[in-house]
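Spelled out, the chains give:
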Amino acid sequence: MTRYQGDLAFHSITRKSANQVTEPVIPPIAAEAEVVAVIPAKEKCEENLECLDIDFHAPSLVEDQSFYVDFKDGDMRNPVNFSPARKWVMTINACAFAGIVGAAVSSYAMGYSSMIRDLDCTLFQATMGLSMYALGVGLAPLVTSSFSEEFGRLLFYIISSLMFMLTEVMIALAPNVQTVIVARFLGGAFASTGSTLVAGTIADIWLPHQRGFPMSLYSVGIVASLGLGPSIAGWIEANPSLGWRWIQWVHVIVSGVYFISVLLFMTETRSAVILTRMARKIRKDTGDGRYRARAEKNKPSLASMIRISCTRPLHLLLTEPIVQSFSLWIGFIWGVLYILIDSVSGEFQSVYGFGVGETGTVFVTITIGSLLGYLANVCQERLYHKYVHRKGPDARLYIACVASVVLPAGMLVFAWTTRPDVPWIVPLVGITFFMASAFAIYQVVFVYLADCYGPYASSALAGQSLCRNILATVFPLFATQMFDRMTYKWADTLFALIAVAMIPIPYILFFYGSRIRQRSPISRKILDIEEENKRANLEKL
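Here the structure is a predicted model, which is why all the values come from computation and not from measurement. (Residues numbered from 1 in each chain as written. Predicted model: local features only at pLDDT ≥ 70, side-chain atom pairs only at ≥ 80, totals over all residues. Heavy atoms only, no water.)

Q: Explain unusual backbone geometry to me, please; I cannot follow it from the model alone.
A: Glycine aside, residues mostly have negative phi angles, and peptide bonds mostly take the trans form. Positive phi, close to 50°, is recorded for Asp 120, a residue that is not glycine. Within the secondary structure, Asp 120 sits in the loop between α3 (112–119) and α4 (123–139). The class for Asp 120 is exposed, based on a relative accessible area of 71%. In the Ramachandran plot, Thr 487 falls in the positive-phi region, its phi being about 75° despite a non-glycine side chain. You can see Thr 487 is positioned in helix α18 (residues 457–501). Here Thr 487 falls in the partly exposed class, since its relative accessible area comes to 40%. (Helix = DSSP H or I, 4+ residues; strand = E, 2+ residues; numbered from the N terminus. Buried < 20%, exposed > 50% of the residue type's maximum accessible area, 1.4 Å probe, protein only.)

Below, the structure is given as structure tokens:
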């Protein structure tokens, strides 16, 4: 029987007591779902269950007389039993949305010139659209993640992709820059709602040992698309008859095609939601209210789930040193990346005389850097498996220690070589090194926090995501004034020096991470949960 530990019902284990049922209770015939009768006497009822065509599994002991609905072994309604072809179609489809919303982040900046001309706005106002997108990405999942747990993933794929497409239409038809800013915020909110479902979808349909490559595809897609978007948008902006509105119309077309693909190829993958619907149908068909899905037992209210999803990430962000340090580190890197998206076009135009189409092509270095960062993480995985028995979660940090040094080195190369007497390829090498390190660190942050915080991993990751996107919101707003007063060279140098100051973060955690976790109340609570689960498993044996 497949167990889904994300459901609260699976965390409670009740011991046998004197008042529990000791005689077999045979559930009525209801449907071709597996129905687990909550009784301990397997031998007395196996024969009757076979006659009823119901698979018997060792039941859970509970105080009530519920019949738990679960998947049969090999049941094709169970998402983990989908065919490999179907799994890959759904995985690629889900990752495609992450790539679309990633491209929408950066391609917007390529249309600044024509937008300023057409809407009679300032550069700062145009930049607000870039920042508001990041703010929407950071805030929306705190609330919407609970809704997807309650109502399933498919509904939110449909809503998110449709509404994201409509926000792109809103931008393309905007009569003023204020409409653009509002639409960008809404676009970021719907984009994050959809793209954050991807990791959950991958976890739903792939077994743990199979998730490595699909998750890497998701990460590469969302970051590499930051480079592909401007590469195309730059040439659209370069055409006088097209401009910024057609950048948005292209997004509308691509998003529309994706929305159709969601309707054609995506299905519900959250097992708790599927089983709940199955149990509800059985109750309706039989009139027997004892049929339940395990997810329905001790189910928290939606309001409670929203409250926890909004407050727990903030609590971890404000109280846990590991979450704080990694959130500030990746937040700073993300802020610099958004400044790069905002400013690299103008910098290469002023220094090398590039046209807007050529500066868009410069962003290919982000894609190349992401691929190099992915290869670095392949090496990191080998090191992790070799040393995890000695270092525990801190074995995830080998590549982060290297990347912490390469990151400011790449920034300094970019800062000090972007001048007319140095070939333009040299600063692009600096951007590539920066992006490769940024991607490697981005990957490490996710897996390291997940390892350290176990059952609270989603909250820890939500906390770092909030910090990361808030800094990505703020950084572009002061970038133009900073470059005007300090010049590109010294402003980029300042960012590189801040990155140098952050080099100790992975080293401190690598050598002292275990001691830091021992002093953390949350980490001690996680250890208690793990010990309780171990004892429960031994008792069941």
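Q: Sorry, what's going on with the environment of Leu 162 here?
A: As for its position among the elements, Leu 162 is in helix α6 (residues 153–172). Judged by its relative accessible area of 29%, Leu 162 is partly exposed. A sequence separation of 90 residues divides Leu 162 from Val 252, and the C-alpha atoms of the two residues are 10.0 Å apart.

Q: What is the right way to read the packing of aromatic side chains from this model?
A: Ring pairs (aromatic) are described by centroid distance and by the angle formed between their planes. Tallying each qualifying case throughout the model produces 24 aromatic pairs. Relative to Tyr 352, the ring of Phe 348 lies with its centre 5.5 Å away and its plane at 35°, an arrangement referred to as tilted. With Phe 348 and Tyr 352 both in helix α13 (residues 321–352), this residue pair falls four residues apart, about one helical turn. Across the pair, Tyr 352 and Phe 348 agree in class, each one buried. Aromatic pair Phe 475 and Phe 478: ring centres 5.4 Å apart, planes at 50°, arrangement tilted. Residue Phe 475 and its partner Phe 478 are both found in helix α18; the two are separated by three residues, about one turn of the helix. Given a relative accessible area of 32%, Phe 478 falls into the partly exposed group. Members of the aromatic cluster, connected to one another through ring pairs, are Phe 348, Tyr 352, Phe 354, Phe 414 and Trp 424. (Phe/Tyr/Trp six-rings, centres within 6.5 Å; stacked < 30°, edge-to-face > 60°.)

Q: Even after reading the chapter, I still don't get the nonpolar core, so can you show me in this structure?
A: Inside soluble globular proteins, nonpolar side chains tend to come together where they are buried. Counting residues in each nonpolar core, the largest one holds 118 residues, and the members touching the most others are Phe 326, Phe 332, Ile 333, Leu 337, Met 411 and Tyr 453. When residues in this core are grouped by element, the largest group, 17 residues, is from α13. Both domains that meet at this core, namely domain 1 (66–277 + 302–307) and domain 2 (320–529), each give it at least three residues. Sequence-distant contacts of Phe 332, defined by excluding residues within four places in its chain, comprise Met 411, Leu 471, Phe 475, Phe 495, Ile 498, Ala 499 and Met 502. (Core = buried A, V, L, I, M, F, W, Y, C linked by side-chain atoms within 4.5 Å. Domains from an automatic or database assignment. Contact = heavy atoms within 4.5 Å.)

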